[in-house]
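# Tertiary structure, described
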Amino acid sequence: MADTRTWQLVMVGDGLDRITVEAQADMARLLDLDPAISHLTVEVGDASVHVARDWPSDRMEEADCLIDRIAASGVSAIIVHDRNGKPPRRVTIGE
């Protein structure tokens with residue numbers, strides 16, 4: 001199966017050298033399977049590693065353009081809900 005992921009796995013913390021390539025692939029697959037997971041914390045001995053998705057900035061710009069285009073398509077508004085607990089973003093024509 002080809003990798004069609006639009007994001008990359010980013011890991012930050014101590015103990016990175018102790019996380020295997022296989023475990024990294026499994027974590028990426030886990031994040032693919034369950035988009036409700038915002039991030040993981042992996043404990044390695046007495047250290048911890050923060051694991052999350054990272055999107056290239058051009059993807060975020062493309063997403064913003066799509067939101068604007070949807071808002072301009074004749075809908076009253078589009079409300080974008082962030083799964084990380086941020087307040088919803090409401091976009092209407094001219095915003």
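Basis of the calculations
- Residues numbered from 1 in each chain as written.
- Predicted model: local features only at pLDDT ≥ 70, side-chain atom pairs only at ≥ 80, totals over all residues.
- Heavy atoms only, no water.
- Pairing = 2+ DSSP bridges.
- Helix = DSSP H or I, 4+ residues; strand = E, 2+ residues; numbered from the N terminus.
- Axes fitted to C-alpha atoms, helices over the stretch in contact; angles between N-to-C directions.
- Phe/Tyr/Trp six-rings, centres within 6.5 Å; stacked < 30°, edge-to-face > 60°.
- Lys NZ or Arg CZ within 6 Å of the ring centre and 35° of its normal.
- Expected span 1.5 Å × (residues − 1).
- Buried < 20%, exposed > 50% of the residue type's maximum accessible area, 1.4 Å probe, protein only.
- Arc of directions from axis to C-beta.
- Contact = heavy atoms within 4.5 Å.

The strand order across the open sheet formed by 3 strands is β1-β3-β2, and the pairing between neighbours is antiparallel. If you trace the sheet from one side to the other, it starts and ends with β1 (8-13) and β2 (39-44), each paired once. Strand-to-strand twist across the sheet, computed as the mean angle between neighbouring axes with direction ignored, equals 25 degrees.

According to the stated counting rule, one finds 0 aromatic pairs in the structure shown. A cation over an aromatic ring shows up here: Arg5 above the ring of Trp7, its NZ or CZ 4.9 Å from the ring centre. The aromatic ring of Trp7 is capped on one face by Arg53, whose charged end is 5.7 Å from the ring centroid.

On to helix α1 (residues 21-33), then. The end-to-end C-alpha distance of α1, which contains 13 residues, comes to 18 Å, matching closely the 18 Å that a straight helix rising 1.5 Å per residue would cover. Inspection of α1 places Met27, Ala28 and Leu31 among the buried residues, and these make up the whole buried set. Buried residues of α1, seen end-on, are gathered within an arc of 100 degrees and therefore sit on one face of the element. Exposed side chains of α1 directed beyond 90 degrees from the buried face belong to Glu22, Asp26 and Leu33. Buried-residue contacts for α1 involve β1, β2 and β3 (47-54).

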